[in-house]
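Structural features, examined
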Amino acid sequence: MKYIDEFRDGDLARGIAARIGAEARTDRSYHLMEFCGGHTHAISRYGIKDLLPPNVQMIHGPGCPVCVLPIGRIDNAIELATEHAAIVCTYADTIRVPASGGLSLMKAKARGADIRMIYSAADALKIAQDNPQREVVFFAIGFETTTPPTAIVIRQAQALGLTNFSVFCNHVLTPAAITHILESPEVRELGTVPLDGFIGPAHVSTVIGSQPYEYFVEEYQRPVVIAGFEPLDVMQAILMLVRQLNDGRAEVENEFTRAVTREGNQKAKSLVAEVFELRPSFEWRGLGEVPYSALRIKEAYASFDAERRFGIVYRPVADNKACECGAILRGVKKPTDCKVFGTVCTPENPIGSCMVSSEGACAAHYTYGRFKDVAIKAAEAVVE
Amino acid sequence: MSAVRKDYIRPVDFKHGRVDMTHGGGGRAMAQLIEELFAQAFANEWLAQGNDNALFAPPAGRMVIATDSHVVSPLFFPGGDIGCLSVHGTINDVAMAGARPLYLAASFILEEGFPLGDLRRIVESMAAASRDAGVPVITGDTKVVEQGKGDGVFITTTGVGVVPPGLHISGDRAQPGDAILVSGTIGDHGVAIMSLRENLSFETTIESDTAALHGLIAAMVAAVPAIRCLRDPTRGGLGTTLNEFARQSGAGMLIRESAIPVRPQVNAACEFLGLDPLYVANEGKLIAICPREDAEHLLAVMRAHPLGTDAAIIGEVIEDPHRFVQMDTAFGGRRIVDWLTGEQLPRIC
């Protein structure tokens, strides 16, 4: 496959791996966080860890849009379908996220709620046009990548004069989450989460550009390398981070130059600015309330805002006590540190959201990497 | 003149007619549909007898039976339709025991309002597939459900076959050291279906691989009677079938990503749909496990058959009490090929 295979070449990978091995100093460690679930997935699926020296460690970040969605917001979406009899449209993985009372959108669907899985925001608009007698709500989730399409359908709905279409907006912002992690006591004061550098988002950065990350490297003195989602992108970004750390530099570097500019996509950004505004605060699963970390629909488009239209009341719901998703999303714990990982919490019956999406740290490790835990346990048994 | 008037029955209107409740009611309309469509298309001595069953003498040896329901949407897709699919699917399930398929039974659930012309296309496609395979449909049943309670047509087929002496093919027989083979490119059927789904529709040159594999299997078991496992990786694809073998046999599997044949178009479609070809359905492919020393010979026999030209050895069975299916990625790492979570796409066959 042209333009894909080039970025998955095994020989090139071994070449970069050899350079990382040669350049990584043996007297220190490198704790690098990949923010995005797309990177987490690539690392697990292609077995990138196998190519890294043991002192270069990857920490999975909170950049999986499904994983950070709090239970209360899913409950709200289920209410829209069950109590307001709306057709609720959403992206695939969202349907499986556990909600309160043992429900999920998928289980609500099996009980008769009209939940539709869609591939694009435009599909939701089409469903509204095809069902003029029904209320149709697009349950919009995601980071900056999926926000512009939501803005477009809201504008289109207005242009078409649709009166049965609205959006339940749950779009969140990457920079706010990165700041939150860097400000967390584990990173800042306790130092229990060593975090030496970041692999910056791929698709998000195509929209917002590389400029927003300049603040982090300045304020927190941590290097950021923006990388594509292909495995060679990730390898190259790791090498660039190792080099920055060796040189004592903290800069924004862009590995993903084929898609990301400093300014980002101006058209998409202005669309988003026209339709959305900042929320003063938004709850993230695992991170809690994060100030100015999400978007809501502006007054000018209020009639397309499901929260206003249906008077949605948000009620926060605590995670299952045994679930460590919160600590995992902050990089404080690894999936295998969680008692329920792989036992009662599996992709078929997820307790926490990290086990739902293939981009979630737990699901990625369960699906692609858990055979390695067996080897670790066996080795520990021998030592004991 | 008092002569008895000659009977005239208006023929079934396959051009504009639609299935109605009388076609399943047990009366004249049903009898007429069976006579003018099913009995003519499948034309054989058993159906000609007009019984509700079919009588045949059991052959010597061990018999095998398999049944399969087909609910594919859309009913017509590049490379096939629900009709030929329902014949191939069951023939393959019977043949995967190493058997020679003998007879089929077919059961139709029709939805009121379904165009009779489409039904005829489907039945004729089924009849052609059954003739080509040499496996007649010798008994059947038709039911009609009210509009909105079905989706056009569902077809269940059941097949029987006979296993030649000396063969012991079963999913629980894989042993560490055995070779794993696949008969050709994976994911073609699933991608062909997906290309037509209303909310996906993309253009592709990929056609479904739907085919009856008993000819290929006859050649394989004749050449290598020591074959241990055979299965067609339909729903859930290659990844699921290997996990089934691993669980049944209590062994692990180790495959090489670079050895697995995948068409570039299938790879490309999976790439933008976010799917993994390892889990995409096939309808004309099989996975075989055989002793290591027979692998090259078996591969040569498979490649010599028109339905096995792209066959490949993709890995081996290993000792692993955890029964993991592992894969060396083309990238140089190693990962699990796990059971599929949820479903990649519903109603693929």
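Please read all numbers here as calculations on a predicted model, not as lab measurements.

Let us now look at the overall build of chain A. The helix and strand tally for chain A stands at 16 helices and 13 strands. What you see for chain A is a C-alpha radius of gyration of 21 Å, in line with the 21 Å of a compact globule of 384 residues. Considering only C-alpha atoms, chain A reaches an extent of 65 × 50 × 45 Å along its principal axes. Considering chain A as a whole, with its 384 residues, one finds that 51% of them fall into the buried category. Residue pairs in contact within chain A that sit at least 24 positions apart in sequence constitute 76% of those at least 6 positions apart.

Okay, the pairing of strand 11 (residues 281-284) of chain A next. Residue and element names in this part refer to chain A. Examined bridge by bridge, strand 11 and strand 12 (residues 288-291) share four bridges and lie antiparallel to one another. Within the sheet, the bridge partner assigned to glutamate 283 lies in strand 12 and is glutamate 289. Between strand 11 and the antiparallel strand that follows it, strand 12, lie three residues; glycine 286 among them carries a positive phi value of about 90°.

Another aspect to go through is the interface of chain B and chain A. Counting residues at the interface gives 20 residues for chain B and 26 residues for chain A. With four residues, the top contributor of residues to the side of chain B that touches chain A is helix 8 (residues 264-273) of chain B. A per-class count over the side of chain B that touches chain A returns seven nonpolar, nine polar and four charged.

So, about unusual backbone geometry. Each neighbour pair has its own omega, and for serine 73 of chain B with proline 74 of chain B the value is 0°, a cis peptide bond. As for its position among the elements, proline 74 of chain B is in the loop between strand 1 (62-70) and strand 2 (76-77). At glutamine 221 of chain A, a position not held by glycine, the phi torsion is positive, near 55°. With respect to the helices, strands and loops of the structure, glutamine 221 of chain A is situated in the loop between helix 10 (214-220) and strand 8 (224-226). Residue classification places glutamine 221 of chain A among the exposed residues on the basis of 10 C-beta atoms within 10 Å. Here arginine 323 of chain B, not a glycine, exhibits a phi torsion of approximately 55°, which is positive. Tracing the backbone through its elements, the reader meets arginine 323 of chain B in the loop between strand 11 (312-318) and strand 12 (325-328). The class of arginine 323 of chain B is partly exposed, set by 15 C-beta atoms lying within 10 Å.

What follows concerns the sheet that holds strand 8 of chain A. Sheet strands line up and pair through hydrogen bonds in the backbone, either parallel or antiparallel. Residue and element names in this part refer to chain A. With respect to topology, five strands assemble into an open sheet ordered 2-1-7-8-9, the strand pairing being parallel. Only two strands of the sheet have a single partner each, and these edge strands are strand 2 (56-63) and strand 9 (252-254). Direction aside, the axes of adjacent strands within the sheet are offset by 25° on average. Of the strands in this sheet, strand 1 (30-36), strand 2, strand 7 (197-200), strand 8 and strand 9 are in contact with helix 11 (residues 231-247), which crosses strand 7 at around 150°.

Here the focus is the packing of helix 5 (residues 121-130) of chain A against helix 6 (residues 147-160) of chain A. Residues and elements named next belong to chain A. At a closest axis distance of 9 Å, the pairing of helix 5 and helix 6 adopts a crossing angle of 25°. Taken as axis vectors, helix 5 and helix 6 run roughly parallel relative to one another. At the point where helix 5 passes helix 6, the crossing takes the right-handed sense. Facing Ala121, Ala122, Ala124 and Leu125 of helix 5, the residues of helix 6 in contact are Pro149, Thr150, Ile152, Val153, Gln156 and Ala157.

Another point: the domain arrangement of chain A. All names here are of chain A. The domains assigned to chain A are domain 1 (5-62 + 178-254), domain 2 (71-173 + 264-309) and domain 3 (325-383). Distance between the C-alpha centres of domain 2 and domain 3: 30 Å. Here the residues of the side of domain 2 that touches domain 3 sort into three nonpolar, one polar and three charged.

Moving on, we get to the sheet that holds strand 3 (residues 87-90) of chain A. All names here are of chain A. Read across the open sheet, the four strands follow the order 4-3-5-6; overall the sheet is parallel. Each end of this open sheet is capped by a strand with a single partner; those strands are strand 4 (115-117) and strand 6 (165-171). On average, each strand axis in the sheet is inclined to that of its neighbour by 25°, with strand direction left out of account. Where strand 3 meets strand 5 (residues 136-142), three bridges bridge the pair, whose relative direction is parallel. Residue pairing for strand 5: isoleucine 87 is matched across the bridge by valine 136. On the sheet, helix 3 (residues 71-82) packs against strand 3, strand 4, strand 5 and strand 6 and is oriented at approximately 170° with respect to strand 6.

As a further point, take the domain arrangement of chain B. Residues and elements named next belong to chain B. Domain annotation of chain B identifies domain 1 (21-163) and domain 2 (179-336). Here the C-alpha centre of domain 2 lies 27 Å away from the C-alpha centre of domain 1. In this assembly, 20 residues from domain 1 lie in contact with 21 residues from domain 2. Mapped by element, the contributors of at least two residues to the side of domain 1 that touches domain 2 are helix 3 (82-95), strand 4 (100-111) and helix 4 (116-133).

A few words now on the pairing of strand 3 of chain A. All names here are of chain A. Taking every second residue as pointing to the same face, both faces of strand 3 are buried, with Ile87 and Cys89 on one and Val88 and Thr90 on the other. Here strand 3 pairs with strand 4 via three bridges, running parallel. Paired with cysteine 89 across the two strands is arginine 116, which belongs to strand 4. Between strand 3 and its parallel partner strand 4, the chain crosses via helix 4 (residues 105-110), and the hand of that crossover is right-handed.

All right, on to the nonpolar core then. Among the nonpolar cores identified, the biggest contains 224 residues, and Val88, Phe138, Phe168 and Ile238 of chain A together with Val153, Leu181 and Ala288 of chain B are the most heavily contacted of them. Considering every element that reaches this core, the biggest residue donor is helix 11 of chain A, with nine residues. Setting aside residues no more than four positions away along its own chain, phenylalanine 168 of chain A makes contact with Asn76, Ala77, Leu80, Val137, Phe138, Phe139, Ala140, Ala306 and Glu307 of chain A.

Rules behind the numbers
- Residues numbered from 1 in each chain as written.
- Chains lettered and ligands numbered in written order.
- Predicted model: local features only at pLDDT ≥ 70, side-chain atom pairs only at ≥ 80, totals over all residues.
- Helix = DSSP H or I, 4+ residues; strand = E, 2+ residues; numbered from the N terminus.
- Rg over C-alpha atoms; globule rule 2.2 N^0.38 Å.
- Buried ≥ 20, exposed ≤ 12 C-beta atoms within 10 Å, placed from the backbone.
- Contact = placed C-beta atoms within 7 Å.
- Pairing = 2+ DSSP bridges.
- Nonpolar A, V, L, I, M, F, W, Y, C, P; charged D, E, K, R; others polar.
- Axes fitted to C-alpha atoms, helices over the stretch in contact; angles between N-to-C directions.
- Parallel < 35°, antiparallel > 145°, perpendicular 65-115°, else oblique.
- Left-handed = near helix turned anticlockwise from the far one by under 90°.
- Domains from an automatic or database assignment.
- Right-handed = clockwise from strand over helix to strand, strands pointing away.
- Core = buried A, V, L, I, M, F, W, Y, C linked by C-beta atoms within 7 Å.

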